[in-house]
Amino acid sequence: MVRMTGSQILLECLQREGVSTIFGYPGGVVLPLYDTLPQFPAIQHVLVRHEQGAAHMADGYARASGEVGVCLATSGPGATNLVTGIATSFLDSTPMVAITGNVARTLLGKDGFQEADITGITQPITKHNYLVMRAENIAMTIREAFHIARTGRPGPVHVDIPKDVFQEEAEFEWPEEINLRGYRPTTKGHAGMIRRAADAINGAERPIIISGHGIVWGDASDELVALAEKAQIPVITTFLGIGGFPETNPLSYGFLGMHGMYHANMAADEADVVIGIGMRFDDRAMGRFNDFNPDATIVHIDIDPAEIGKNLPTAIPVVGHVKLVLPELIERLERRDRSKWLAWIDKVEEEHPSLEIRETRRLIPQEIVRTLYDETQGTATLVTGVGQHQMWAGQHYFYDSPRKLVSSGGLGTMGFELPAAIGAQMGMPESEIWAICGDAGFQMTMQELAVCVDERLPVKIAIMNNGYLGMVRQWQELFYDENFVSVAVTQPDFCKLAEAYGVRSLRVETKAEVLPAIQEARNYDGPILIDFHVDQDENVWPMVPAGAALSETIEIPEKELAR
Amino acid sequence: MTTSNGTKPGHHTVVAIVEDKPGVLQRVAGLFRRRGFNIESLAVGPTEFEGLSRMTIIVDGASAPVEQVEKQLYKLIDVVKVSDLTHDDAIKRELALLKVRCNNVNRHELLDIANVFRADVIDMATNSLMLQVVGDDDKIDGLIKMCEPYGIRELSRTGTIAMTRGQKTTTVHESEPEAIARVHQSQGRRVEADLPFSSD
C-alpha cells in the first residue's frame, strides 16, 4: 500500500483502466487534479473550449473506438455544461465516465461559489453516479464506474469529487474485485425463450430483422450476418444500428423509421415475424406504436429487460447479450428459401426507390454525400449533427462495418458533430473522419475548431450550408402551412472563421466544385473545412409524419421531383 | 375494498431491498417521477443486514404496468432485489396515529370505537385523545371513517410495510448470492459472469 493524494489515486486508477485521453477544462476546484496531471505523462489531456465539447468528444471517442470516453470539468457551470453531452451519451447507451470537481466538503450544500448539486442533476441522465466523500473511496469508485459504464447496456457514469478530497491523502490499493450486489447484467439468454424464438422464426413466411445499436456495442455483427444468411432473413436497421449489418450485403435493406427507406418501412409493416435485436422500438423508428404491424409476432432480443414490452407488446422476449444469444439462435434456425419474400421487398424498392439522386442543376446535399461515398469507397467515418444533413448522411453513404456512422440518435443533439468528430479522430488516429455538419448546429460548438488546430487533427469538416434550420423549415413547410418562423439563420463566413482559427477552408457553390474539394480535403493532412452552399429548399424524403404509422410513409412529391 | 391479502385493486405492493447509501431514496423517487409512476405509499427502514434497507412501495398500477416498475427499479445499481407481493400470501401492516376531538359527553363513544378496532389510546387531553392503530388499509380507513364525525384534528400514517407468510422470504442473504440469481431466473433471466464488451 502506498500513501497518495486523492488526485494521484484518481489518475493512477484512470491509467490502470487504460485511459490515455481525457477531454477537459480546468477550474477552481479541480486545480489540485490538474496540478497532479504532469505526474502521469501517459494520460493526455485535451483542452476543450467549452465543457459540452468535452462530453461530446468523450462520446465520439467511445463510439468510434469502442473504449470508454472520459471527460472532466470543474464544479458549478463547468459541470452543468457537461449535462447535454452526458444526456446524449445516456440516450444512445455509450460508455462514458464524466468526472467533475465540487466545492470542499465543508461547503457542500451551502451554496458556495460555483457549487451546483451536480449529482442531483445528472442522476436521471446517467447509468449511475457517485459523490465521493473520502479519498480512500476513489479507487473503488473509479473501478465500479468503468465496470458499470462498459458492461451490460453501456452508459455514462458520473463521478463528483469535492476539492479537498483531491487533496486528502489515503492508502492506495487497487481493488481487484468488484462486488456490486445490485448490478449483475444478464448475459446468457433463457434457453426456453431462444427455442420459442427459433420456432417462431422457422415457421415464419415473412420474417424481418430490425437490428440496432446493441449489435454495434455487443460486437455481434458477424453473428448477425451468419444468422441472416443462414435463415435468409432480410435485415433493416435502426438509425443507430446503421453499419451493424453491412449495407453492401444483399440481405441489407437499409434503415427504417421517420426518414428510413420506403421499402424498409413497408417490409417492417408487412412482416409476419419482427425480430428486434439490440434495439428498443423507439418512436422515431417504429412510427405510431398502435398501428405498427398489428399482426406481426414480435421477438425482442435485448440486454436490458426493461426494454421488453416498454413500447410494443412482445410475444417472445429474449433477455441477454447478443454475442451469446445469436449463436444459440443460429444453431436452432433452419435454412430456408425466402426468395419470394425478398423478391417482394425488392419489388417495392424498385417501384418506390428512396435513394435515387435525381438529375438537377442545383447543388443538393444528397449528391455531396454520395460523391463522398464514391470517392472514399465507404472507408471513411462520418460524424453528423442533427437534422436534414444527418438523415442524408445516413441515407446516401453506405456503411459496411460498425462505428462508421457516429450520430446523436436518441437525444438528437445539434452541435454534436464537430466535438464528436474530434473525439473520434483522437480515438482512431488512422481513420478518415468527416464531420458532416449543419450550418446551424455547427454554430453551437464551432469553438472546438481550436482543438483541431491544437491537436493537429486531420478532421474534415463538411458544412451543408443551406442558411436554414433545415429540418425545422421542412416541418414548418409541410405541417405548419409554410409559416416560416425563426428558421432562417444568418451565419458568419465559415471560411473566414476557419482561417481565423488557423483551419484551412474551401467554399463550394457549384456541382463541378464538389469532387475536387473532397479530393483536396482527403489529400490534406490537417484540419480542413468545406463550406458547401447547398440548395435551400431541399427536403428529406421519404418521411413518416410525426404521429403517423410506418405504413403511411410519404415519398418525395412530384413538384419536388421536378425541381 | 381490498383483495384477500390487503392490497387495494389496481394497487401493487412492491418491496425493494436497496443499498443503504446516501441518495438511494432520491434515485427511487426520481425514477418514479420520471417514468410517471404514482406512489401511493412508501415506507423505508433497515433490514436484518447492515448496509441494506427495505423499501415497501405501493404503486398505482393504473399509472404503469407493475412489471415496468420492477424492471426500471432493477436498473438502479443500488437496488439489489425487487419483489412484487401483490398476489402473494403476505401480511401488510401500517401504523396510524389519530388525534380526535372529544369532550366529556362523547369520549366514551370514541373509546368504544377504539376498542372495536383494537386501537390504543396513547394520549388524552380535555378536548382530544390520541389513538394508535395497526392494521391493513381497510382497518385504518375504517377507523378514520368512524372518527370523522367527531373531528380528526391530526392524522399521521407510516405507510404500508409487507412480508410474505410462511417459509418464503423477500430478503437477500449476503452469504447467498444465488438468492439474487434465483430472482433473476424466476423472471426468465439468467445470471452469469459478466461478459466483457468489445471495449474490454
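Residues numbered from 1 in each chain as written. Chains lettered and ligands numbered in written order. Predicted model: local features only at pLDDT ≥ 70, side-chain atom pairs only at ≥ 80, totals over all residues. Heavy atoms only, no water.

Looking at the overall build of chain A
- Per the secondary structure count, chain A includes 23 helices and 20 strands.
- For a compact globule of 563 residues, the expected C-alpha radius of gyration is about 24 Å, and chain A comes in at 24 Å, within 12% of that figure.
- Projected onto its principal axes, the C-alpha positions of chain A cover 70 × 60 × 40 Å.
- Burial statistics for chain A: of 563 residues in total, 63% are counted as buried.
- A fraction of 76% describes how many contacts in chain A between residues 6 or more apart in sequence connect residues 24 or more apart.
- As presented, chain A carries roughly 20300 Å² of accessible surface, and 48% of it is formed by carbon and sulfur atoms.
- Put simply, chain A has 46 plus and 75 minus side-chain charges, and the middle of one group is 3 Å from the middle of the other. (Helix = DSSP H or I, 4+ residues; strand = E, 2+ residues; numbered from the N terminus. Rg over C-alpha atoms; globule rule 2.2 N^0.38 Å. Buried < 20%, exposed > 50% of the residue type's maximum accessible area, 1.4 Å probe, protein only. Contact = heavy atoms within 4.5 Å. Areas by Shrake-Rupley, 256 points an atom, 1.4 Å probe, with all protein chains shown as cover. Lys, Arg positive; Asp, Glu negative; His and termini not counted. Charge placed at Lys NZ, Arg CZ, Asp CG, Glu CD.)

Quick notes on the overall build of chain B
- Of the regular secondary structure elements, chain B holds five helices and nine strands.
- Helices (α) and strands (β) of chain B occur, in sequence order from the N terminus, as β-α-β-β-α-β-β-α-β-β-α-β-β-α.
- Looking at chain B residue by residue over its 200 residues, the buried ones come to 46%.
- In chain B, once contacts between residues fewer than 6 apart in sequence are set aside, the share between residues at least 24 apart is 73%.
- Looking at chain B as shown, the accessible area adds up to about 10300 Å², and 50% of this sits on carbon and sulfur atoms.

Quick word on the environment of Ala-79 of chain A
All names here are of chain A.
- Residue placement: Ala-79 occurs in helix α4 (residues 77-91).
- On the basis of relative accessibility, which here comes to 1%, the residue Ala-79 falls in the buried class.
- When the C-alpha positions of Ala-79 and Val-299 are compared, they lie 41 Å apart, and in sequence the two are 220 residues distant.
- Residue contacts for Ala-79: discarding those within four places in its chain leaves Ala-73, Thr-74, Thr-100 and Ile-118.

Remarks on the layout of surface pockets
Residue and element names in this part refer to chain A.
- In this model, the largest pocket occupies a volume close to 1000 Å³.
- Taken together, 47 residues form the lining of the largest pocket, with Leu-240, Arg-280, Asp-282, Gly-409 and Gly-410 sitting closest to its centre.
- Mapped onto the lining of the largest pocket, the elements with two or more residues apiece are α9 (213-217), α12 (283-286), β13 (297-302), α16 (388-396) and α20 (470-479). (1 Å grid on protein atoms, 1.4 Å probe; cavity = no way out; pocket = protein on both sides within 12 Å on 5 of 7 lines; lining within 4 Å. Points joined across faces, edges and corners; volume = space filled by probe spheres on them.)

Thoughts on the environment of Ile-161 of chain A
Residue and element names in this part refer to chain A.
- Relative to the helices and strands, Ile-161 resides in strand β7 (residues 156-162).
- C-alpha separation for the pair Ile-161 and Thr-122, spaced 39 residues apart in sequence, amounts to 14 Å.
- Not counting chain neighbours up to four residues away, the residues in contact with Ile-161 comprise Leu-10, Thr-100, Gly-101, Asn-102, Val-132 and Phe-166.

Concerning the confidence of the model for chain B
- Chain-level pLDDT for chain B is 84 on average; 82% of the residues reach the 70-or-more range.
- A low-confidence stretch, residues 189-200 of chain B (pLDDT under 50), is modelled with 38 contacts involving residues beyond four sequence positions or located in other chains. (pLDDT = per-residue confidence, 0-100.)

Looking at the state of the cysteines
All names here are of chain A.
- Taken as a whole, this structure holds zero disulfides over all chains when the rule is applied.
- A disulfide-free cysteine, Cys-437 has its sulfur positioned 9.7 Å from the sulfur of Cys-452, the nearest such atom.
- The exposure class assigned to Cys-437 is buried, which follows from its relative accessible area of 0%.
- Its sulfur unpaired, Cys-495 is 13 Å from the next cysteine sulfur, which belongs to Cys-437.
- For Cys-495, a relative accessible area of 8% puts it in the buried group. (Disulfide = S-S within 2.5 Å.)

Examining helix α13 (residues 322-332) of chain A
Residues and elements named next belong to chain A.
- Among the residues of α13, Val-322, Val-325, Leu-326, Leu-329 and Ile-330 are the ones counted as buried. Along the axis of α13, the buried positions cluster into a sector of 135 degrees, meaning they face one direction only.
- The inward-facing, buried residues of α13 abut α8 (191-202), α9, α10 (221-231), β12 (273-277), β13 and β14 (316-319). (Arc of directions from axis to C-beta.)

A short note on the domain arrangement of chain B
- Assigned domains within chain B: domain 1 (11-88 + 170-186) and domain 2 (91-157).
- Summarising the inter-unit geometry, the C-alpha centres of domain 1 of chain B and domain 2 of chain B are found 31 Å apart. (Domains from an automatic or database assignment.)

Thoughts on the pattern of salt bridges
- On inspection of all chains with the given rule, the structure shows 44 salt bridges over all chains.
- Taking the shortest distance from any N to any O, the salt bridge between Arg-143 of chain A and Glu-17 of chain A comes out at 3.9 Å. Here the residue Arg-143 of chain A occupies a position in helix α6 (residues 138-150), and Glu-17 of chain A occupies one in the loop between α1 (6-16) and β2 (21-24), the gap between them amounting to 126 residues. The two residues Arg-143 of chain A and Glu-17 of chain A agree in class, both being buried.
- A salt bridge links Arg-157 of chain B to Glu-94 of chain B; its shortest N-O distance comes to 3.0 Å. (Salt bridge = Lys/Arg side-chain N within 4 Å of Asp/Glu carboxyl O.)

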